[in-house]
Amino acid sequence: MFRENVKNSEIVIISGSVPPETPAEIYALMLKEIKNPKIIKVVDARDNVLKEALKESPDIVKPNKEEIETLLKFKLKNRNNYIQAISFLKNYNIKYPIISLGKKGALIGIENHIYKSALPPNNGIQWGTGDSFLAGFIYGLKNYKDPIKAIKLACATGYVKTKYVEITQEEQIKEIFNLENKVRVTKIY
């Protein structure tokens with residue numbers, strides 16, 4: 001059923017926690033079912049599910065800071081750690097490895113470079129922020145074909161999500177696009 005449902009898709013997002021009894025390879029198996037190379041494959045997972053999915057080289061992965069620290073067994077404390085973490089993901093032929101850093105923004109690998117993006121921190125509703133961030137990135141990439149613009153939209157979307165339980169109003173969408181130009185993107189490698 002999964003194969004049939006995704007065969008004509010442009011983008012397939014595989015994300016979320018899996019039930020305790022589920023094999024860690026579940027996302028990897030799902031990725032293998034996507035035969036069309038034009039489909040953009042996105043994974044947002046943690047622990048062994050992420051580790052196994054990486055072996056199938058999805059186009060985009062977005063672990064958060066804690067998830068990648070668990071996988072790598074070291075803390076992301078500085079520029080060198082950031083480079084190590086993105087390089088680790090790039091070794092799996094991930095086109096756009098992204099690590100969300102919560103209130104401190106995000107890292108993204110683009111070709112042979114690594115960028116850090118950020119807005120001033122906002123204390124607010126954290127639930128769903130990572131999903132909103134990823135949605136902003138995918139929207140930006142699909143509509144503008146520019147990963148820098150996409151990461152700006154991702155940060156702006158995540159930021160706006162911290163202010164609201166849901167993003168459903170036209171004013172909230174406008175706020176995202178207004179914040180996009182305030183997102184700082186710095187090349188760190």
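Residues numbered from 1 in each chain as written. Predicted model: local features only at pLDDT ≥ 70, side-chain atom pairs only at ≥ 80, totals over all residues. Heavy atoms only, no water.

**What to know about the overall build of the protein**
Scanning the protein for helices and strands turns up 8 helices and 7 strands. Taking 16 Å as the expected radius of gyration for a compact globule of 189 residues, we find that the protein reaches 16 Å, a close match to that expectation. Along the first, second and third principal axes, the C-alpha set of the protein runs to 40 × 40 × 30 Å. A burial count over the protein gives 43% of its 189 residues as buried. Sequence separation of at least 24 residues holds for 56% of the intrachain contacts in the protein that already meet a minimum separation of 6. Roughly 10,500 Å² of accessible area belongs to the protein as shown, and the carbon and sulfur atoms make up 50% of that amount. For the protein, the centre of its 30 positive side-chain charges and the centre of its 21 negative side-chain charges are spaced 7 Å apart. (Helix = DSSP H or I, 4+ residues; strand = E, 2+ residues; numbered from the N terminus. Rg over C-alpha atoms; globule rule 2.2 N^0.38 Å. Buried < 20%, exposed > 50% of the residue type's maximum accessible area, 1.4 Å probe, protein only. Contact = heavy atoms within 4.5 Å. Areas by Shrake-Rupley, 256 points an atom, 1.4 Å probe, with all protein chains shown as cover. Lys, Arg positive; Asp, Glu negative; His and termini not counted. Charge placed at Lys NZ, Arg CZ, Asp CG, Glu CD.)

**Some words on the nonpolar core**
By size, the foremost hydrophobic cluster in this structure holds 29 residues, and its most contacted members are Y27, V43, L54, I68, L76, I99 and L107. Those elements that provide at least two residues to this core are β1 (11-15), α2 (26-32), α3 (47-54), α4 (65-72) and α5 (79-90). Here the element with the most residues in this core is α5; it accounts for 5 residues. Beyond its immediate stretch of four places on either side in the chain, L76 contacts K65, I68, E69, N81, Y82, A85, I99 and L101. I98, F133, L153 and C155 belong to the second largest nonpolar core, which has 24 residues in total. (Core = buried A, V, L, I, M, F, W, Y, C linked by side-chain atoms within 4.5 Å.)

**Here's the deal with the layout of surface pockets**
Approximately 740 Å³ is the volume found for the largest pocket. Top element by residues in the lining of the largest pocket is helix α6 (residues 129-144). It accounts for 4 residues. Among the residues making up the lining of the largest pocket, the classes are represented as 10 nonpolar, 14 polar and 9 charged. There is about 160 Å³ of room inside the second largest pocket. Lining the second largest pocket, in full, are I40, D59, I60, K95, Y96, L141, K142 and K145. (1 Å grid on protein atoms, 1.4 Å probe; cavity = no way out; pocket = protein on both sides within 12 Å on 5 of 7 lines; lining within 4 Å. Points joined across faces, edges and corners; volume = space filled by probe spheres on them. Nonpolar A, V, L, I, M, F, W, Y, C, P; charged D, E, K, R; others polar.)

**A word on the sheet that holds strand β6 (residues 113-118)**
Sheet architecture is open: 7 strands sit in the order β1-β2-β3-β4-β5-β6-β7, paired in mixed fashion. In the strand order of this sheet, the two ends are held by β1 and β7 (184-187), each with one partner. In terms of strand pairing, strand β5 (residues 106-110) meets β6 through 5 bridges, oriented antiparallel. The partner of L107 across the bridge, within β6, is K116. Against the sheet, helix α7 (residues 147-161) contacts β4 (96-100), β5, β6 and β7, and its axis sits at roughly 165° relative to β5. (Pairing = 2+ DSSP bridges. Axes fitted to C-alpha atoms, helices over the stretch in contact; angles between N-to-C directions.)

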